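Close look at the chain arrangement
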Amino acid sequence: MADLKGNVIVGQSGGPTAVINSSLAGVYKTAKDRGAKKVYGMVHGIQGLLQGRYVDLSEHIKTDLDIELLKRTPSAYLGSCRFKLPDISEGRETYDAIFEILAKLEIEYFFYIGGNDSMDTIKKLSDYSLLNGSNIRFMGVPKTIDNDLAATDHTPGFGSAAKYIGAITKEVIRDGLVYDQQNVTILEIMGRNAGWLTGAAALAKCEDCVGPDMIFMPEVTFDVDAFMNKVANLHEKKKSVVVAVSEGVKIADGRYVCELTDGIEFVDAFGHKQLTGTARFLAEKINREVGCKTRAIEFNSLQRCASHIVSRVDITEAYQVGGAAVKEAFEGETGKMIILKRVSDDPYICVTDIYDVHKVANIEKKVPREWINEAGDYVTDKFVSYVKPLIQAELTPIMTDGLPRHLYYTDVK
Ligand code: F6P
């Protein structure tokens, strides 16, 4: 039996992934195995904690089967939030309230599973803790389908979303050939201001599939007229045209393409606009101006919750980063985030390490320009070699009555 450790609390934050619960399982199981007295979960992240919403996870995750189900359950088991903590100088009462709850629960270790906005929370809490002589250890556990976290080779969640996008793009390309009729399909892919996920559409190009015709990412300014010309040219040459476009592509004046529609605007606590409608806008324009059958397919939340096709590499690493965070915090680290370091591509070897969360919070890592072709309408082979190891192998869902079974927490509603 390991030496007894103090109490732990863990939260999930930001947009979910198909494997974020595997990181939760990694934190929970490792903390328990290493002797944590209690492992609490924040319900809806730091926002819920501030409202006094937390749960003793041991009362809900009891068996090995529960752990296996948790790993395979999409969305965030504990619920998530998009909540920005105030600057310490301007919001001491918020921090006092959080630390009061942590003291009441006798918390010694605090884990937050999230992306660059969530690392802002770890940064501020660990800074406040140091300023006030608290001994609580704060650790960030990386996650995001966007793959835009600095310092880490990649983020858990990205590989599975990339695998889904590669697979579904192949299927859509196949479907586009069904009738003897000209058609153009625009795929809209998440990832906010980074094109990592959209680039993954190139995975569809393989032995039995030509892949998408073009890929447009936010790293390159989007020129609507040039896009229309390229589509029109392709349309003259082939029956079915499939184009992948990032939700976050922007035109030269800095506006998102989706802002050219008159959709409803929603902005979250971190100032991020909800990006939706790019594919619809472009497909309607093609339909009007090129005059052919078009489809707009917004992959939307499907790409981040498709746990039936997770990458085994990804779900395993998601669990590992959770476990590594516990190990590091129990050994005394604080104010850090776990990162993944790729040792080699073939065979694929990746190890965990720690990194100063101050150098990660709020920073968006973009696709290097040299991994996008000169015309700005496709990725290079280097991009594909980078992504391929991350989508390898599968983890079969546990099926009940023909459908994947999930583990859910009843207070997340
Ligand atoms: O950050 C992850 C992500 O899925 C982005 O790709 C997307 O733009 C955003 O979250 C959507 O956020 P929400 O679910 O809050 O609308």
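Keep in mind that what you see is a predicted model, and the values were worked out from it rather than measured.

Near the ligand, the surroundings consist of Arg82, Ile145, Asp146, Met190, Gly191, Arg192, Glu247 and Arg304. Between an oxygen atom of the ligand and a side-chain N or O atom of Arg82, the distance comes to 2.8 Å. Protein contacts shield 79% of the accessible area of the ligand, which totals 400 Å² for the unbound molecule. Using a 2 Å cut-off from the grid points, one finds that the ligand occupies the largest pocket.

Bringing the domain arrangement of the chain into the picture now. If you check the domain split of the chain, you get domain 1 (7–144 + 309–362 + 395–412) and domain 2 (158–305). Computed from C-alpha atoms alone, the centre-to-centre distance between domain 1 and domain 2 is 32 Å. For the pair domain 1 and domain 2, the summed buried area comes to about 1300 Å², and 59% of that belongs to carbon and sulfur atoms. Per-residue buried area on domain 1 facing domain 2 is highest for Arg82, Asp117 and Ile309; these three make up 43% of the total on that side.

As for its placement among the helices and strands, Val351 is situated in strand β11 (residues 348–356). Separated by eleven residues in the primary sequence, Val351 and Leu340 place their C-alpha atoms 5.7 Å from one another. Each residue touching Val351, except ones within four places of it in the same chain, is listed here: Ile339, Leu340, Lys341 and Val343.

Another aspect to go through is the pattern of salt bridges. For the structure shown, the criterion picks out 22 salt bridges. A salt bridge links Lys123 to Asp120, with the nearest nitrogen and oxygen atoms 4.0 Å apart. In this pair, Lys123 and Asp120 are both assigned in helix α5 (residues 116–131), three residues apart and thus about one turn of the helix distant. The buried category is assigned to Asp120, whose relative accessible area is 1%. Close ionic contact of Asp353 with Lys341 constitutes a salt bridge, the shortest N to O distance being 3.1 Å. With Asp353 in strand β11 and Lys341 in strand β10 (residues 336–345), this residue pair connects regions lying twelve residues apart in the sequence. Residue Lys341 is classed as partly exposed on the basis of its relative accessible area of 40%.

Here is what the cut-offs are and how they apply
Residues numbered from 1 in each chain as written. Predicted model: local features only at pLDDT ≥ 70, side-chain atom pairs only at ≥ 80, totals over all residues. Heavy atoms only, no water. Near = heavy atom within 4 Å. Polar contact = N/O pair within 3.5 Å; in protein donor to acceptor, adjacent residues only side chain to side chain. Areas by Shrake-Rupley, 256 points an atom, 1.4 Å probe, with all protein chains shown as cover. 1 Å grid on protein atoms, 1.4 Å probe; cavity = no way out; pocket = protein on both sides within 12 Å on 5 of 7 lines; lining within 4 Å. Sits in = over half its atoms within 2 Å of the grid points. Domains from an automatic or database assignment. Buried area = accessible area lost by both parts, 1.4 Å probe. Helix = DSSP H or I, 4+ residues; strand = E, 2+ residues; numbered from the N terminus. Contact = heavy atoms within 4.5 Å. Salt bridge = Lys/Arg side-chain N within 4 Å of Asp/Glu carboxyl O. Buried < 20%, exposed > 50% of the residue type's maximum accessible area, 1.4 Å probe, protein only.

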